[in-house]
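The chain contents come next:
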Amino acid sequence: MMGKREAFLATIAMGAAKVVAAIIALLILEHTGRRPLLLASAGIVTFASSWLCIAFALDAGALALAFGFCLFMGGHAVGLGAAMLVYIAEVFTTEWRGKGMATVICVSRVFAVMNTMTLPLFLHSFGAAATFGLQAVCCVLVAGGIWAFAYETGGQSLEALSKLTSETHPSLSGKQLSGCRA
């Protein structure tokens, strides 16, 4: 069990991990690309959730738990946090960018609130190991969705991305949406 001092230090370490990871993402985003960062981020949070599942199951101690939480925070900040915002700004055509970004961010926040509200219930009902095991499964599903549906947007103009979106998803082309109010 963690005492107040250890919990405080772990919280500071999580914040530091998040800041360092966000700075790294900022520095490598243009060179690495959005899709690789999103995939790496999904992989890191999957590993971190699995680590936490095992650490809680084995009662591994405060240091192992703090490491898992720091890894999760840093992994999230690398791609699913910051790069996601860059990605959604580029993936929508001009006609749909504002509403598309608003919808994605709204859905993201709804899921974040649901996660925050259900976490204590899951911890109480199933225990920490099972809860983080379930989270690891959800992270695998997110990684699969990114792998299957996210294409690289880095280094391309918005016009080229608009054309790519129209070719990849004909139902989103400007011609077919011309009668719609975006």
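Since this is a predicted model, take the numbers as computed values, not measurements.

*Asks:* Can you walk me through the overall build of the protein in this structure?
*Replies:* Helix and strand counts for the protein stand at seven helices and zero strands. Its helices and strands in sequence order give the protein the pattern α-α-α-α-α-α-α, from N to C terminus. Relative to its 182 residues, the protein shows a buried fraction of 29%. For the protein, the accessible area works out to roughly 11100 Å², and carbon and sulfur atoms hold 74% of it.

*Asks:* I'm lost on the pattern of salt bridges in this one. Help?
*Replies:* When charged atoms on two side chains of opposite charge get close, those side chains can pair. Applying the stated rule across the entire model yields two salt bridges. Its salt-bridge partner being Glu90, residue Arg34 comes within 2.7 Å of it at the nearest N-O pair. Here the residue Arg34 occupies a position in helix α2 (residues 34–57), and Glu90 occupies one in helix α3 (residues 62–91), the gap between them amounting to 56 residues. By relative accessible area, which is 15% here, Glu90 ends up buried. Several salt bridges converge on common partners, so that one network encompasses Glu30, Arg34 and Glu90.

*Asks:* Please clarify how the layout of surface pockets should be interpreted in this entry.
*Replies:* In this approach a probe as big as a water molecule rolls over the atoms, and the regions it shows empty are the leftover space. Here the largest pocket defines a volume of roughly 1800 Å³. Forming the boundary of the largest pocket are 44 residues, of which His76, Phe111, Ala112, Asn115 and Val142 lie nearest the centre. Of all the secondary structure elements, the ones that give two or more residues to the lining of the largest pocket are α1 (4–32), α2, α3, α4 (97–126) and α5 (128–149). A per-element tally of the lining of the largest pocket places α4 first, with 15 residues. Residue composition of the lining of the largest pocket, grouped by class: 33 nonpolar, nine polar and two charged.

*Asks:* So what exactly am I meant to see when it comes to the nonpolar core here?
*Replies:* The tendency in soluble globular proteins is for nonpolar side chains to be buried as a group. Within the largest apolar cluster, 19 residues are counted, with the highest numbers of intra-cluster contacts made by Leu37, Leu38, Leu80, Ala83, Tyr87 and Ile146. Among the secondary structure elements, those contributing two or more residues to this core are α1, α2, α3 and α5. Residue contacts for Leu38: discarding those within four places in its chain leaves Gly79, Leu80, Ala83, Met84, Tyr87 and Ile146. Of all hydrophobic cores here, the second largest spans six residues; its members include Leu52, Ala55, Ala128 and Phe132.

*Asks:* What exactly am I supposed to notice about the packing of aromatic side chains here?
*Replies:* Pairs of aromatic rings are described using the distance from one ring centre to the other and the angle between the two planes. All chains considered together, the criterion is met by six aromatic pairs. Consider the rings of Phe69 and Phe132, whose centres lie 5.7 Å apart with planes at 75°: the pair is edge-to-face. Taken as a pair, Phe69 in helix α3 and Phe132 in helix α5 lie far apart in primary sequence, 63 residues in all. The exposure class of Phe69 is partly exposed, given its relative accessible area of 27%. Taken together, a centroid distance of 5.5 Å and an interplanar angle of 70° make the contact between Phe122 and Phe126 edge-to-face. With Phe122 and Phe126 both in helix α4 and four residues apart, this pair spans about one turn of that helix. With a relative accessible area of 56%, Phe126 lands in the exposed category. Taken together, the ring pairs connect Phe47, Trp51 and Phe67 into an aromatic cluster. Over the aromatic face of Trp147 sits the side chain of Arg35, whose NZ or CZ is 4.7 Å from the ring centroid.

Conventions adopted
- Residues numbered from 1 in each chain as written.
- Predicted model: local features only at pLDDT ≥ 70, side-chain atom pairs only at ≥ 80, totals over all residues.
- Heavy atoms only, no water.
- Helix = DSSP H or I, 4+ residues; strand = E, 2+ residues; numbered from the N terminus.
- Buried < 20%, exposed > 50% of the residue type's maximum accessible area, 1.4 Å probe, protein only.
- Areas by Shrake-Rupley, 256 points an atom, 1.4 Å probe, with all protein chains shown as cover.
- Salt bridge = Lys/Arg side-chain N within 4 Å of Asp/Glu carboxyl O.
- 1 Å grid on protein atoms, 1.4 Å probe; cavity = no way out; pocket = protein on both sides within 12 Å on 5 of 7 lines; lining within 4 Å.
- Points joined across faces, edges and corners; volume = space filled by probe spheres on them.
- Nonpolar A, V, L, I, M, F, W, Y, C, P; charged D, E, K, R; others polar.
- Core = buried A, V, L, I, M, F, W, Y, C linked by side-chain atoms within 4.5 Å.
- Contact = heavy atoms within 4.5 Å.
- Phe/Tyr/Trp six-rings, centres within 6.5 Å; stacked < 30°, edge-to-face > 60°.
- Lys NZ or Arg CZ within 6 Å of the ring centre and 35° of its normal.

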